[in-house]
Amino acid sequence: MIYKDIRDFPEGFLWGASTSAYQVEGAYNEDGRGLSIQDVIDTHGIADFHVASDHYHRMEEDVDLMGELGLKAYRFSFSWPRISPDGRSINEKGLEFYDRLIEKLTEYHIEPIATLYHFDLPLSLAEKRGWSNKETIDAYVLYARTLFERYKGKIRYWLTINEQNVMINHANAMNGNKGLSKKELYQQNHHMFLAAAKATILCHELRAGMIGPAPNLIAVYPETCAPEDVLAAENWDEIRNGLYLEMAVHGRYSPFVLSYLKEKDAMFDCTKEELEIMKQGTCDFIGVNYYSTATVRRSKGDVSDLMARNGDQQTMVGEIGVYGGSENPYLETSGYGWKIDPVGLRITLRRIYERFHLPLLITENGLGAKDVLEKDGSIHDPYRIEYLKRHIEQLRLVLQDGVDLMGYCPWSFIDLVSTHQGYEKRYGFVYVNRDDQDLKDLARYRKDSFYWYQKLIADNGKEQ
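Parameters at a glance
- Residues numbered from 1 in each chain as written.
- Predicted model: local features only at pLDDT ≥ 70, side-chain atom pairs only at ≥ 80, totals over all residues.
- Heavy atoms only, no water.
- Helix = DSSP H or I, 4+ residues; strand = E, 2+ residues; numbered from the N terminus.
- Rg over C-alpha atoms; globule rule 2.2 N^0.38 Å.
- Buried < 20%, exposed > 50% of the residue type's maximum accessible area, 1.4 Å probe, protein only.
- Areas by Shrake-Rupley, 256 points an atom, 1.4 Å probe, with all protein chains shown as cover.
- Salt bridge = Lys/Arg side-chain N within 4 Å of Asp/Glu carboxyl O.
- Phe/Tyr/Trp six-rings, centres within 6.5 Å; stacked < 30°, edge-to-face > 60°.
- Lys NZ or Arg CZ within 6 Å of the ring centre and 35° of its normal.
- Pairing = 2+ DSSP bridges.
- Axes fitted to C-alpha atoms, helices over the stretch in contact; angles between N-to-C directions.

Looking at the overall build of the chain
The helix and strand inventory of the chain stands at 14 helices and 15 strands. Computed over the C-alpha atoms, the radius of gyration of the chain is 21 Å, within 12% of the 23 Å expected from 2.2 N^0.38 for a compact globule of 464 residues. With respect to the three principal axes, the spread of C-alpha positions in the chain is 55 × 55 × 45 Å. Taken across its 464 residues, the chain has 61% of its residues classed as buried. Summing over all exposed atoms, the chain offers an accessible surface of approximately 18200 Å²; the carbon and sulfur share of this is 50%.

Set out below in structure tokens:
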């Protein structure tokens, strides 16, 4: 559809930015915080998460920069081990940090958007088999209740679990899930679904706000218009996207995925009571982490189906007998091998909205790059501005298409520890003066993209 006139972004649109606790806070062993699974990994020479961007000690300065940027929303995550160090007790000192953060955001009229779980499972729970153990569900619900009760009236938007589909489909790229069988992964998946449903029911009972998931979602393209390629694309789309959205929105399992799991001898254990809880714990909106799209072809039934099996969450994989990974010659590729597809964002959002008819909130979208701090303190990142501009142009069209889009929170507000590339790969509007081996002074510098986004927010997204 080519429109004659494109409408403006609506008043109240949530122009924001995102981070996660373990990638930005640091202070990994201070004020009663317990260890998480992220604190004990071998990072193989890149930055660990012990100091990160030192947001824990520099929070006031960072929120002042958010205010200067003009953010209308800030999507962050609570550190589960900071709130509940052992998965059972509650750490008041940890809560006090978030009290100060939320109060500071309120001073600038910045809407807090809070993620409950963003990859930082308390180590004490991981040592008891983590999400394979049903006790982790109880620990998560206790943690969620603590936050709902404390911040009711202060936080209106909650996200249950960040990128659950990545933890299952790209397990070898995620700490805590490496080497698990498909059957155990899908048992963990079921337990996470149940935990999210229970937290959602609790959020509604306490009237603590609106709540939804934050999966990593992609449009899946067939390699050709051959029906077999189209069917392969349907397979991967349902395994990677549809399963997680069906559960969040309708509280039910995707029929095709259940058939797929039976075929792969990976069916999980569940009870009728658990399935009933899931039907009751349905979401109010859908968070969308979007970076790229995928292209697949028909399965050839052999190892040729596989591509980069141990790759990260935006790298094509493939599965023998289900679909084969392919390349899309029409797309650019970032310096880190991720396909850049702004139009794919529009396609992804339209497909989700037309199937599920719930408000959508973009909770991540961004470009990782090797930014350079110049001698005068400037950072020139025209590639990031161009990336964001092209994606925001598609958001304007998405709104014209009739999609109910709440806001846009790109990744990330400030440079943080990239899970796979440390501080070599930077995403932020704000530069942090450190590298993987040297903490330097951790000073903050505004990038060119900071000033560009500042003006865009002030103009409510009008074309620059």
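Some remarks on the pattern of salt bridges
According to the stated counting rule, one finds 34 salt bridges in the structure shown. For E354, the salt bridge goes to R350, with nearest N and O atoms at 3.6 Å. Of this pair, E354 and R350 both sit in helix 12 (residues 342–356), four residues apart, which is roughly one turn of the helix. Given a relative accessible area of 30%, R350 falls into the partly exposed group. Here D381 makes a salt bridge to R384, at a shortest N to O gap of 2.8 Å. Of the residues examined, R384 reaches a relative accessible area of 1% and is grouped as buried. Each of the salt bridges in this network shares a partner with another, and the network as a whole consists of D371, D381, R384, D415, R426 and K447.

So, the packing of aromatic side chains
By the definition in use, this model includes 33 aromatic pairs. Seen from their ring centres, W80 and Y143 are 5.1 Å apart, and the 5° between their planes marks the pair as stacked. Of this pair, W80 sits in helix 3 (residues 80–83) while Y143 sits in helix 6 (residues 135–151), and the two are 63 residues apart along the sequence. Judged by relative accessible area, Y143 falls into the buried class, the value being 0%. R426 extends its terminal NZ or CZ atom over the ring of Y431, reaching a point 4.1 Å from the ring centre. One cation-aromatic arrangement involves R446 over F450; the distance from NZ or CZ to the ring centre is 6.0 Å.

Some points on the sheet that holds strand 7 (residues 286–289)
One open sheet holds the eight strands; their spatial order is 5-4-3-2-1-13-12-7, and the pairing between them is parallel. Two strands bound the open sheet, and with one partner strand each, they are strand 5 (210–214) and strand 7. Adjacent strand axes in the sheet meet at a mean angle of 30°, parallel and antiparallel pairs treated alike. Judged from the three bridges that link them, strand 12 (residues 360–364) and strand 13 (residues 405–408) form a sheet pairing that is parallel.

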